[in-house]
Amino acid sequence: MPAEVAVASHISLDSPLGPLTIRAAGGAVIALDWGRQTEAPGSEQALLAEAARQLAAYFAEGHFRFDLPLHPRGSVFQRAVWDFMLAIPAGETRTYGDCATALAAGGIVEAPAGSASAAQAVGGACGANPIPVIIPCHRILAAGGRTGGYSGRGGVVTKRWLLEHEGAWQPERQGDLFGSSATDRPAAVANR
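Going by an unreviewed UniProt entry, the chain carries the name Methylated-DNA--[protein]-cysteine S-methyltransferase and comes from Ferrovibrio xuzhouensis.

Put into structure tokens, the structure is as follows:
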């Protein structure tokens, strides 16, 4: 018989990136989704209110550090990548290769450190991150400081906004991917 799964409660909030929905179950945040859903705070009402408060604090101050119980669902490898991301301070970045090297040193990555396949596996784990923004996959860049991808709504435009918000965007290293056109940026970035 399958184990009983806790029903997730959720709450939606507005953000500079558009509406976000936070999901919680079993006393921990389990997901952050792009978009708004009908609220169902249920038994996790206090946790969801605190998560919404902390997200608002982060969007007000890019160096805010989240302090929430998290329980993302994923493989051992994915959770190790997400733990690596959680250790990156706001305003700083690492590369997919940095993460792969660190995980190889800890015996978690089977591919040789520095190999393209190890870095690609890290990229896959970043793309599978169920709690973006709070687990900061936007702080992971491609080799040479290039932006790399971003699976959240808005793709690399959203990634760049988050990095700019935290003071981590370095145009001299990362380039101006979107030119100077404000129409290529989220409204919050274009209106700065």
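Now that the structure is up, let's keep going.
Another aspect to go through is helix H1 (residues 45-60). Each full turn of the α-helix corresponds to 3.6 residues, which orients residues three or four apart in the same direction. The terminal C-alpha atoms of H1, which comprises 16 residues, lie 22 Å apart, in line with the 22 Å expected from a rise of 1.5 Å per residue. Turning to H1, its buried residues number three or more, namely Leu 47, Leu 48, Ala 51, Ala 52, Gln 54, Leu 55, Tyr 58 and Phe 59. Viewed along the axis of H1, the buried residues span an arc of 165°, placing them on a single side of the element. Residues of H1 that are exposed and point more than 90 degrees away from the buried face comprise Gln 45, Ala 46 and Ala 60. Buried residues along H1 sit in contact with strand E1 (9-13), strand E2 (20-25), strand E3 (28-34) and helix H5 (155-166).

Of the volumes computed, that of the largest pocket is approximately 180 Å³. Taken together, 14 residues form the lining of the largest pocket, with Arg 65, Phe 66, Leu 86, Ile 134 and Arg 139 sitting closest to its centre.

The phi torsion of most residues other than glycine is negative, and most of the peptide bonds are trans. At Val 133, a position not held by glycine, the phi torsion is positive, near 75°. Relative to the helices and strands, Val 133 is located in the loop between helix H4 (116-127) and strand E5 (140-141). On the basis of relative accessible area, Val 133 is assigned to the buried category, the value being 1%.

Moving on, we come to the packing of aromatic side chains. One pass over the full model with this rule turns up 4 aromatic pairs. Geometrically, the ring pair formed by Phe 64 and Phe 66 is edge-to-face, given 5.7 Å between the ring centres and 85° between the ring planes. Taking relative accessible area as the criterion, Phe 66 reaches 17% and is therefore assigned buried. Cluster of aromatic residues (ring-pair linked, three or more members): Tyr 58, Phe 59, Phe 64, Phe 66 and Trp 161.

This part takes up the sheet that holds E3. Across the sheet, which stays open at both edges, the 3 strands sit in the order E1-E2-E3 with antiparallel pairing between neighbours. The open sheet is flanked by E1 and E3, the only strands paired with a single partner. Looking at each pair of strands side by side, their axes are set apart by 20° on average, direction ignored. Two elements, E2 and E3, share 6 bridges in a ladder whose sense is antiparallel. Within the sheet, the bridge partner assigned to Ala 24 lies in E3 and is Val 29. On the sheet, H1 packs against E1, E2 and E3 and is oriented at approximately 140° with respect to E2.

So, on to the state of the cysteines. Applying the stated criterion to the full structure yields 0 disulfides. The cysteine Cys 126 is free of any disulfide, with Cys 137 supplying the nearest cysteine sulfur at 6.1 Å. Given a relative accessible area of 7%, Cys 126 falls into the buried group.

Criteria and thresholds
- Residues numbered from 1 in each chain as written.
- Predicted model: local features only at pLDDT ≥ 70, side-chain atom pairs only at ≥ 80, totals over all residues.
- Heavy atoms only, no water.
- Helix = DSSP H or I, 4+ residues; strand = E, 2+ residues; numbered from the N terminus.
- Expected span 1.5 Å × (residues − 1).
- Buried < 20%, exposed > 50% of the residue type's maximum accessible area, 1.4 Å probe, protein only.
- Arc of directions from axis to C-beta.
- Contact = heavy atoms within 4.5 Å.
- 1 Å grid on protein atoms, 1.4 Å probe; cavity = no way out; pocket = protein on both sides within 12 Å on 5 of 7 lines; lining within 4 Å.
- Points joined across faces, edges and corners; volume = space filled by probe spheres on them.
- Phe/Tyr/Trp six-rings, centres within 6.5 Å; stacked < 30°, edge-to-face > 60°.
- Pairing = 2+ DSSP bridges.
- Axes fitted to C-alpha atoms, helices over the stretch in contact; angles between N-to-C directions.
- Disulfide = S-S within 2.5 Å.

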